[in-house]
Each structure stands twice: as structure tokens, then as C-alpha cells.
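What the coordinates show
The residues making up each chain are set out below.
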Amino acid sequence: MKGASGDRDQGTGISAFPPIAEYAFLSDCESTALVAPNGNVEWMCLPRMDSPSTFGSILDRDAGSFRLGPADVNVPAGRRYIPGTMVLETSWETRTGWVIVRDVLSIGPWHHEEERSQSHRRSPTDYDADHVLLRLINCVEGSAEINLECEPAFDYGGLSADWSYSSPGYHEAIAGSEGIDLRLRLVTDLRLGIEGPRARARTILHEGECAYAALAWSSHPVPRSYEEAERWLTRTARHWQEWLKHGTFPDHPWRSYLQRSALTLKGLTFRPTGAMIAAASASLPESPGGDRNWDYRYSWIRDSTFMLWALYTLGFDDEANDFFYFMADVAEAEEGQLQIMYGIGGESKLEEQELDHLSGYEYAKPVRIGNGAYNQNQHDVWGAILDSIYLHTKSRDQLPDRLWPIIKDQVEAALDRWREPDSGIWEVRGEPQHFTSSKLMCWVALDRGLRLAQLRHDQRMEERWGQAAAEIHADICEHALDDRGVFVQHYDTTALDASLLLMPLVRFLPASDERIRNTVLAIADELTQEGLVHRYRVEETDDGFAADEGTFTICSFWLVSALCEIGEVKRARRLCEKLLSYASPLQLYAEEIDPETGRHLGNFPQAFTHLALINAVMHVIRADRHLEAVGQPS
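Residues numbered from 1 in each chain as written. Predicted model: local features only at pLDDT ≥ 70, side-chain atom pairs only at ≥ 80, totals over all residues. Heavy atoms only, no water.

Some remarks on the pairing of strand β8 (residues 97-109)
Definition in use: Relative accessibility decides the category of a residue: with a 1.4 Å probe and only protein chains considered, values under 20% of the type maximum give buried, values over 50% give exposed, and everything between is partly exposed. Numbering goes from the N terminus for both helices and strands, where a helix is a DSSP run of H or I of at least four residues and a strand is a run of E of at least two. For two strands to be treated as a pair, DSSP must find at least two bridges joining them.
Of all 13 residues that make up β8, 10 are buried, and the element is covered over most of its length. In the sheet, strand β7 (residues 88-93) pairs with β8 via six bridges, with the strands oriented antiparallel. Paired with E93 across the strands is W98, a residue of β8.

What follows is the structure, given as C-alpha cells:
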């Protein structure tokens, strides 16, 4: 693969890699894609979200790409999603005309009428992924020379494509590689030429003329004309708009951020099982050129409570139900030994490995796939699953019998282990500690357990778990407070940790309690940079890495919610406005933000960030409306 000198202009320092925030996100709820501003598909894993990449040039410029656009222009005039959809529209001004490209991962009617799907565990719906990437281009004024270049590089860039024509003429070709089962079928009304590992087409479009390309990776049908491709695109757009109509969004200037976050979360959901991946990408660095590069294409248990809260708040009960039962499936299978994360099919082994043949995004190495944190001891998992069950039960006004054995297993696991040190919510790779947030979530497990026992009228469990919850509560209050009355990261430090912003949100103490107020304000004043929140100070935390990192956007949104809880609504609103101003041009967020430049860092788009955005925005809107109702100035 190319070295740094081949991918960076040494005179200007301009990177050959687009800024992370400039990527567009596409999904059909089984596969995802990231599209660069120049129209290049630079990340796409097939056939599933967590499969090896087929187009991976986001991690190495030679690791596979697929571009359709003007031949002589790389910077578009504008990009947007068609409102309410996951259909990307890119407008181009060339020297001789204007063209528009629309990209979509197509969704159509249910395909498995004659045989059962091998992957679906949730109830089939009326819609199903077509397993087709559609790209349509129109010349709307003048004329423009158009290029199509499709160069897959299978298995994370390790295998070149072998192309061959699959029909008479030049309009259909198939790509594969020895040793893999995946086959790509490229169908287009352009004339394809095969140039080694690349399929290429060139033409000049004049005003009113159009063309299309369909890339397929299954036996499902593909469009055979531009008109049919446009019908498929329109059908998919309507599907997304119809789905969004099921949500309940406030009539507020921030409504579009809530809607884009909802669409993004839906796009990060693997429809067959209900699992939600933490992000579409792998190994995008948390600091420029750094080594904090992780694979986030898995489903974290700790995301569960925020996921359910966001979905129930916005009215997407079906998606919440599917995600909940994905978690119930893995919890039932594990019999109390719950991991922190799982594969989207429920896989438990997520072995981590380094791909030395890839240069990394802007040469940030190592490039990792898999995630070795899957077998860490992180004691927040029991609280996350119990809070999720409690939220689900409240939303349904019933506790299904199937869940009671799961509840008992998880509460008892928290009860057995809460006194032990662990790796904490941030999955540090230093020495285990008695992290306050882990003790907090063990308390949540016992507290929600006793509430659920009350619903079951199980007095014995209610008393047992209630006593244990009180013991954990007292232990935290005794050992996790510093001399200022501020809760700290773990029992043997005075360092702050942004995870403690969850304390008022999980109702550990009333928001009016002085210790909660002290903690929230200490984090707001001392753990921030340019107003944005670090998860901790790296110089104060043994996390196993030397590199610095940006501010964690989820923590900044948590601060918004926590400030609302303690009555600092004006400060919360200002911070929320600032955070929304950092959104990408398509209203998406990576994991982190560089507070000095506003640059997005880490994997993209990040589910946890969008979950926290929904929570924060709704907190501010409700707080403002409450102040208005009681006649107080906001």
C-alpha cells in the first residue's frame, strides 16, 4: 500500500483522505456505506455491516473504491439528503454544465416468499433490503463528461477483484476473487470496460440525459433501465419517509437534528436481529495519527438504555422492541455471564487483530478489526440490561414471564461482583479499578431489580435486592466523594470522570442534592476544553495508551442533560446550541470533536452520540416548555 509520501502533498500538508465529518452515510439496515464528497464509496462491508470491507479506501487509498461523477471536478457544489430519507443527492458544477447524482442502498418488498430467510430472527415486515447500491446521474444543464470507476478490493483490501462480462455487450460484469464466496454484479446503461481489477465507463451526458449503475451482491433482481432504477430509488425514499412519520417530533427549530439522528440510528440497526452497531466504521482514529483505533461494528449492551429511551421518546416502539429482544436473546443465552458487546448476529467471540497491510486513516496505526474489549470485566452491563428491562416493562405495563429468569440472573450477577474492580465504562486497558460508574450501574441493577420484583409481588427478592441496593449506595457515597463533595472517577483518585454525569439521569440521588450539583458543575468547569467535555484527563488515568484524544461528544451531550436536571437550563441550552453547530454538513456526528478545530474524530457515524443528542435536545425542549408554563424566564 502507498506510504505517506504517496498520499499527502508534502508542500501543503493537504490530506488525500477526506475529513471524517465530510462522509455521507447510507444504509439498507443490513449493509452500510460511507460516501466521500467526491462521490467515491470509500467504506462498504458486504454482505453485512460487520463483514470484511469490499470498498475500504477510508483506511488505505488502495483498499477499494467506487466513484460515479464528473470527470474533471472533485468538489461538489452541494450535498444533502432528500428530506426524511437516506437518499444522498450531490450537485456538481462543471466547466460545461450541471449534473446531479443520487445514491441509495435500495429497500424493496419482502423477498423471501418461497423460502425462509436464514438471518431474520425478528418478525418479517413488508420491507426488505434489495442488496443493491443504486447510483443515478442526471445532466440538468449544458453537458458534462462522466466517469464510473469501480475497483473492489475484497477482504479489507487484501484481495484484488477479477472482473468478467456476464452478458452480451458491455452493460453487465461480475467481480469476485479466489477464496471468497462474495460476488458483485455491476449493471449499468453505460458501456463498461474492464481494466485489470477495475470496471470503468466514460461518456458525455447532455442536458436532459441520464444514466445509472446498480451494484448487487445477492441473487435478488436489479433494475434493468434508468426508469426502473428511478422507481426503486423513489420507493426507497418513500419507505424512509413513511418510517419517519411513525415518530413523534416536537415542532421546534431543532427538529431536523432529532429526525436525522433517528434515521441514523435506524440505519445503524441490523434489521434481521434488531441489533444496533455502535458505528458504521472501524479503526478511525480518536486522535490524528494516534493509536486509539477500534472496530465499532458491534452491539454494546451499555447503549441499550439510551437506545430504548430515545426510541420510546420519539415513538419508535417497534424498533425499541426489536432491539430489546436482541438483548434478551443474548442475555438468555449467556445465563448471567453477560459480555459488554456482541456481534450483530449475537456472536460472542470478537477476536481482535491488526491489519498491517493497511496504512490507516491519515496513517493512524494500527488498523484493528474485531474488538478485544469483548471479554473485559465491565460491571456496568448488568445495570444497562436491567434498566432496559425496566424501561421496556414501563412502556408495556407488563412484565413477560420469559424475562423473570433473565432478571434474576443479571441482578444476582451484579450482587456477586459489585465489590470487585473492573475495566470501567471506557474499557481502559490499564489496571482494573473500583470505578464509581461501575458501582453506580451495579446499584442501578439492584434498584431496577427490586422495582421489577415489586411488579412480580416477589417480596423475598424485593427485600434482598433492596438491602443490597442500599449497601451499594452507601458504599459509593462513602468512598467515591472527595473533600469538596464531588464524586470522582474511582475509589483511589481525585480525578473527575464524565461518566458520573449519568448519576442524576439514573436517579442515584435527587438532582437537587448538593453532591450531584457539585459533581455536574465540577465536570462542566474542570473537565472541559472550549466548553466541550473530555471523558477524563488522560494524564490522570491509566488507560494503557500514551496518545491524547479529543473531547467525547456523548459526554458533552450528557452534560447538557445533567445541567437541565440541576436547573441550569440557560447554560444547558447554550451548550446544546454549540454542540449542534458542530454537526457535520449532513447533521452527522463522529465519536469525538477536536475542541480547537471542530474536526470530528473517531468512528462515524457514532450511535452513542446520536442517542445522547436526542436525550439532550429533549431535555432542553422540555425544560424550556416547563419554564414557559410556570411563567419563569428561560
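Quick look at unusual backbone geometry
Each neighbour pair has its own omega, and for L46 with P47 the value is 5 degrees, a cis peptide bond. Residue K365 is joined to P366 through a cis peptide bond whose omega torsion reads 5 degrees. Note that P366 resides in the loop between β21 (353-354) and β22 (368-369). For R507, which is not glycine, the phi dihedral falls at a positive 65 degrees. Positionally, R507 belongs in the loop between α11 (502-505) and α12 (514-526). Given a relative accessible area of 49%, R507 falls into the partly exposed group.

Structural notes on the nonpolar core
Going by this rule: We call a set of buried residues a nonpolar core when its members are Ala, Val, Leu, Ile, Met, Phe, Trp, Tyr or Cys and they connect through side-chain atoms within 4.5 Å of each other. By definition in these notes, contact holds between two residues if any of their heavy atoms fall within 4.5 Å.
In this structure, F66, L148, L186, I407, F508 and W558 are the most contacted members of the largest nonpolar core, which totals 214 residues. With residues up to four places along the chain from it excluded, the contact list for L186 reads F66, L148, C150, W163, H171, E172, A173, L192, A199, A213, A214 and L215. Core analysis: the next-biggest nonpolar cluster, separate from the first, contains 16 residues, I82, V87, L134 and A214 among them.

Some words on a nonpolar patch on the surface
Rule in force here: Residues enter a patch when their relative accessible area is above 30% and they make no salt bridge; the linking distance is 9 Å between like charges and 5 Å between nonpolar side chains (Val, Leu, Ile, Met, Phe, Trp, Tyr). Under the convention used here, a 1.4 Å probe and the Shrake-Rupley method define accessible areas, while residue burial counts only the protein chains that appear. Salt bridge criterion: a side-chain nitrogen from Lys or Arg within 4 Å of a carboxyl oxygen from Asp or Glu.
A cluster of nonpolar side chains, contributed by Y165, Y170 and I194, occupies part of the molecular surface with about 280 Å² of accessible area. Its place among the elements puts I194 in strand β14 (residues 193-195).

Some points on the packing of aromatic side chains
Rule in force here: Here a Phe, Tyr or Trp ring, Trp counted by its six-membered ring, pairs with any other such ring whose centre lies within 6.5 Å, and the pair is stacked when the planes are under 30 degrees apart, edge-to-face when over 60, and tilted otherwise. Here, a charge over a ring means that NZ of Lys or CZ of Arg falls within 6 Å of the ring centre while also lying within 35 degrees of the ring normal.
Evaluation of the coordinates by the stated rule reveals 18 aromatic pairs. Consider the rings of F55 and F66, whose centres lie 5.9 Å apart with planes at 35 degrees: the pair is tilted. Taken as a pair, F55 in strand β4 (residues 53-55) and F66 in strand β5 (residues 65-70) lie far apart in primary sequence, 11 residues in all. In this pair, the class of F55 matches that of F66, namely buried. A centroid spacing of 5.6 Å and a plane angle of 85 degrees characterise the contact between Y165 and Y170, whose relative ring orientation is edge-to-face. A cation sits over an aromatic face here: R67 above W92, 5.6 Å from the ring centre.

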